[in-house]
2 protein chains.
Amino acid sequence: MQRIPTKAELIEARKKLIPYIHYTPIFQSKAINQIAEAELFFKAENMQKMGAFKMRGAMHATLQLSKEQQQKGIATHSSGNFAQAMALSAQLLGIPAWAVMPSNAPGVKKAAVASYGARIIECEPNLKAREAALEQVINENHCTALHPYNDYDVILGNSTASQEIFEQIENIDYLISPVGGGGLISGTALAAHYFSPQTKVIGAEPKLADDAFRSLECGIIQAPTNTLTIADGLRTSLGDKTFFFIKEFVDQIQLAEEEEIIAAMRLIWERMKIIVEPSSAISLAVVLKNKDFYKGKRIALLLSGGNVDLGKLPF
Amino acid sequence: MQRIPTKAELIEARKKLIPYIHYTPIFQSKAINQIAEAELFFKAENMQKMGAFKMRGAMHATLQLSKEQQQKGIATHSSGNFAQAMALSAQLLGIPAWAVMPSNAPGVKKAAVASYGARIIECEPNLKAREAALEQVINENHCTALHPYNDYDVILGNSTASQEIFEQIENIDYLISPVGGGGLISGTALAAHYFSPQTKVIGAEPKLADDAFRSLECGIIQAPTNTLTIADGLRTSLGDKTFFFIKEFVDQIQLAEEEEIIAAMRLIWERMKIIVEPSSAISLAVVLKNKDFYKGKRIALLLSGGNVDLGKLPF
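Only a predicted model underlies this, so the values are computations on that prediction, with no experimental measurement involved. (Residues numbered from 1 in each chain as written. Chains lettered and ligands numbered in written order. Predicted model: local features only at pLDDT ≥ 70, side-chain atom pairs only at ≥ 80, totals over all residues. Heavy atoms only, no water.)

J.: Quick question: what am I supposed to make of the packing of aromatic side chains here?
T.: How two aromatic rings sit relative to each other is given by the distance of their centres and the angle of their planes. If you walk through the whole model with that rule in mind, you get 14 aromatic pairs over all chains. Ring plane angle 80° and centroid distance 5.5 Å describe the contact between Trp 269 of chain A and Phe 315 of chain A, whose orientation is recorded as edge-to-face. Within this pair, whereas Trp 269 of chain A is found in helix H12 (residues 258-272), its partner Phe 315 of chain A is found in the segment after strand S10 (298-303), the two being separated by 46 residues in sequence. Residue classification places Trp 269 of chain A among the buried residues on the basis of a relative accessible area of 1%. A network of ring pairs unites the aromatic residues Trp 269 and Phe 315 of chain A together with Trp 269 and Phe 315 of chain B as a single cluster. Positioned above the aromatic ring of Tyr 152 of chain B is the side chain of Lys 241 of chain B, whose terminal nitrogen or guanidinium carbon lies 5.5 Å from the ring centre. (Phe/Tyr/Trp six-rings, centres within 6.5 Å; stacked < 30°, edge-to-face > 60°. Helix = DSSP H or I, 4+ residues; strand = E, 2+ residues; numbered from the N terminus. Buried < 20%, exposed > 50% of the residue type's maximum accessible area, 1.4 Å probe, protein only. Lys NZ or Arg CZ within 6 Å of the ring centre and 35° of its normal.)

J.: Sorry if this is basic, but what is going on with the packing of helix H3 (residues 54-63) of chain A against helix H5 (residues 81-93) of chain A here?
T.: To characterise two packed helices, one gives the angle between the axes of the helices and the distance between these axes. Residue and element names in this part refer to chain A. Here H3 crosses H5 at 45°, and the two axes come no closer than 8 Å. Relative to H5, H3 is oriented oblique. Between H3 and H5 the crossing geometry is right-handed. Between H3 and H5, the contacting residues are Lys 54, Met 55, Ala 58, Met 59, Thr 62 and Leu 63 on the first element and Asn 81, Phe 82, Ala 85, Met 86, Leu 88, Ser 89, Leu 92 and Leu 93 on the second. Along the lines of polarity and charge, the residues of the contact of H3 with H5 split into ten nonpolar, three polar and one charged. (Axes fitted to C-alpha atoms, helices over the stretch in contact; angles between N-to-C directions. Parallel < 35°, antiparallel > 145°, perpendicular 65-115°, else oblique. Left-handed = near helix turned anticlockwise from the far one by under 90°. Contact = heavy atoms within 4.5 Å. Nonpolar A, V, L, I, M, F, W, Y, C, P; charged D, E, K, R; others polar.)

J.: Mind showing me how you'd approach the pattern of salt bridges here?
T.: Oppositely charged side chains can pair when the atoms bearing their charge come close. Residue and element names in this part refer to chain B. Under the defined criterion, the tally for this structure stands at 26 salt bridges over all chains. The salt bridge involving Glu 45 is made with Arg 56; its shortest N-O contact spans 2.6 Å. With Glu 45 in the loop between strand S2 (39-44) and helix H3 (54-63) and Arg 56 in helix H3, this residue pair connects regions lying eleven residues apart in the sequence. The exposure class of Glu 45 is buried, given its relative accessible area of 0%. Among the ionic pairs, Glu 122 bridges to Lys 110, the shortest N-O distance being 2.8 Å. Placement of the pair is Glu 122 in strand S5 (residues 119-123) and Lys 110 in helix H6 (residues 107-115), with a sequence separation of twelve residues. (Salt bridge = Lys/Arg side-chain N within 4 Å of Asp/Glu carboxyl O.)

J.: How should the sheet that holds S10 of chain A be read in this particular structure?
T.: Pairing between the strands of a sheet comes from backbone hydrogen bonds, and it takes one of two forms, parallel or antiparallel. Residue and element names in this part refer to chain A. One open sheet holds the six strands; their spatial order is S1-S2-S10-S7-S8-S9, and the pairing between them is mixed. The sheet is open, and its two borders are formed by strand S1 (26-27) and strand S9 (252-256), each paired with just one other strand. Relative to strand S8 (residues 200-206), strand S7 (residues 174-178) is paired through five bridges, and the arrangement is parallel. If you follow Ser 177 over to S8, its bridge partner there is Gly 203. (Pairing = 2+ DSSP bridges.)

J.: Help me understand the interface of chain A and chain B, please; the structure alone is not making it clear to me.
T.: One frequently used descriptor of interface size is the decrease in accessible area upon assembly of the parts. Across the boundary between the two partners, chain A contributes 21 residues, which contact 21 residues of chain B. Both sides of the chain A and chain B interface together cover about 1600 Å² of buried area, and 62% of this is carbon and sulfur. Summed over the three residues of chain A that lose the most area to chain B, namely Lys 273, Ile 275 and Leu 310 of chain A, the buried surface amounts to 40% of that side. At the surface where chain A touches chain B, the tally comes to six residue pairs in polar contact (both at pLDDT 80 or more). A total of five residues in the side of chain A that touches chain B trace back to one element, the largest contributor, which is H12 of chain A. (Buried area = accessible area lost by both parts, 1.4 Å probe. Polar contact = N/O pair within 3.5 Å; in protein donor to acceptor, adjacent residues only side chain to side chain.)

J.: Teacher, can you tell me more about the pairing of S5 of chain B here?
T.: Note on strand geometry: in a regular strand, side chains alternate between the two faces of the sheet. Residues and elements named next belong to chain B. In this sheet, S5 lies alongside strand S4 (residues 97-102) in parallel orientation, the contact comprising five bridges. Bridging across to S5, Pro 102 finds its partner in Cys 123. Between the parallel elements S4 and S5, the chain passes through H6 in a crossover that is right-handed. (Right-handed = clockwise from strand over helix to strand, strands pointing away.)

J.: Would you take a moment to explain the relation of the copies chain A and chain B for this structure?
T.: Two chain copies, one operation linking them: a rotation about an axis together with a shift along it. Under the fitted operation, chain A is carried onto chain B by 0.0 Å of movement along the axis and a turn of 180°, and the coordinates agree to an RMSD of 0.0 Å. Here the transformation between the copies is reduced to the relation of a two-fold axis. Among all residues of chain A, the minimum C-alpha distance to the rotation axis is found for Ile 274 of chain A, at 2.1 Å. The share of interface residues of chain A whose copies in chain B are also at the interface is 95%, consistent with both copies meeting through the same surface. (Least-squares fit on C-alpha atoms with pLDDT ≥ 70 in both.)

J.: Explanation requested: the environment of Gln 71 of chain A in the structure shown.
T.: Residue and element names in this part refer to chain A. Relative to the assigned elements, Gln 71 resides in helix H4 (residues 67-72). Once the C-alpha coordinates of Gln 71 and Leu 93 are considered, the two residues, 22 residues apart in sequence, prove to be 9.1 Å apart. Excluding residues within four positions of it along the chain, Gln 71 makes contact with Ile 95 and Pro 96.

J.: Please clarify how the pairing of strand S3 (residues 74-77) of chain A should be interpreted in this entry.
T.: Residue and element names in this part refer to chain A. Residue alternation in S3 divides its side chains into two sets, Ile 74 and Thr 76 and Ala 75 and His 77, and both sets are buried. In the sheet, S3 pairs with strand S4 (residues 97-102) via four bridges, with the strands oriented parallel. Residue Ala 75 lies in a different strand from S4, and its bridge partner there is Trp 98. Remark: the S3/H5/S4 crossover connection has right-handed handedness. Across two bridges, the pairing between S3 and strand S6 (residues 144-145) is parallel. By the bridge assignment for S6, Ala 75 is matched with Ala 145.

Dropping the structure here:
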């Protein structure tokens, strides 16, 4: 049985997070508006601390732990931004952190996690090995495991990005969020539900990893059949909590091809002069792909992160 | 005989430009502050219209023309950002523009100029051929040639970036500007002179193109001996007007090696998630190179532009 967090919980999450996160700016581009024939507002979570919205969820979940739990530390398994977010959250609170990372994770991601002071435990690059390694860390250190997305406190933390959006701009017709595990879009949808009910929330997902799209179609969580999408933050499956929020509050999920994601990413880099990762660019990709649908509307797009390996760009 | 524009002229330039340019944001990075052991404020002219501060000077010089002159159009020879700035200025005012560009100018730059509606005249890649082609354009079309930097109206336009800085932040110890032809640093120095006289203005120049440094040392304008620096916006020589302002108002010029420019550029991309060109990154390069000099100070850095060819990155 799923529960729906209250408006008061969302407001409380935001209040708690204020000292620890950036209130990120919103950017606009006349050139991109002209191409889209709509008014686009880009929420720059790529400029969030550690370079992604994940900081909001990780920090909020950590703050929700008791002092005793915090002192024993936190742990997660992640190959991406969530490990960095957990590591920085621990550093800000002066508590220990452990990150289980697959042996094939990019060196730049491991270096970032290590730079925030977390200990890295390497494991084989499969889910079973990752879960086993995390369990061992927890048994040995009596620390608390944080789930990157299928967790109410993480989702509440993530909701604060859109709470800011609704404070920064009014009369948003559509709010578009990338969908990976569903943690960002769940928080986004909750924020819209309470703070801007007339705004429709749309999920953006790579065609190559269309598991959320298919899950919504058949009503049961589907696993990704292919995880080769360039949008590496969107390769994960939904969780039961995030799937519930998507079913309850998300209007629809739209898909984009790989080359559409890359073209949208390039457009953002060249026209807006900001660095976003492919998982962020997908929101613009679905707007440009569904031009008639969005024509003339006011659309907010969550640029979820900006952590790319500059040595491995797709253009 | 050189003249020094008055404070009233600077204020008037700013007032005239307001409808045509972006008031650009200032960014800070805790990580970079920690590395520099100083407080850095980055003025994001990479987010200016057409992606560089050049828009300010080009637009202001165009606005200073009579209506008759404007209707006949404007022209320039430039391989870089100034041609784009002139083209966009003309587009905003609905007047014709001609850009003389060397045949070996990057396709991306030609495409940008063309996208703003200017006509492109190709010529051999040497100064003589460029000047001859420009003269022909002027004779044929009776339009007005704009000089990219050695012009009071261009310099006055450029001064508005720093006028904004002094409104955005207080108590700046140092203000660092890249030095190419000297148009940006001249406007910068004038703005500091009138609006923040306690702020010292420093020029940042590539060691490979250290002509301004040498000019200041010997008191006579020196030509660049080498124009292979990656900071392609800084390959030009000073003009008599810009050299005068540098001698009069600039505290000193500091040099950076190529690899220091590239490292600073990468640091800005990775940590601040914004796209700057090498000519912008040089300001951070000289801060990191002269750490003892800048330690503990409040430093504003002009990020002059963000127009890079994403297919040809140095990392």
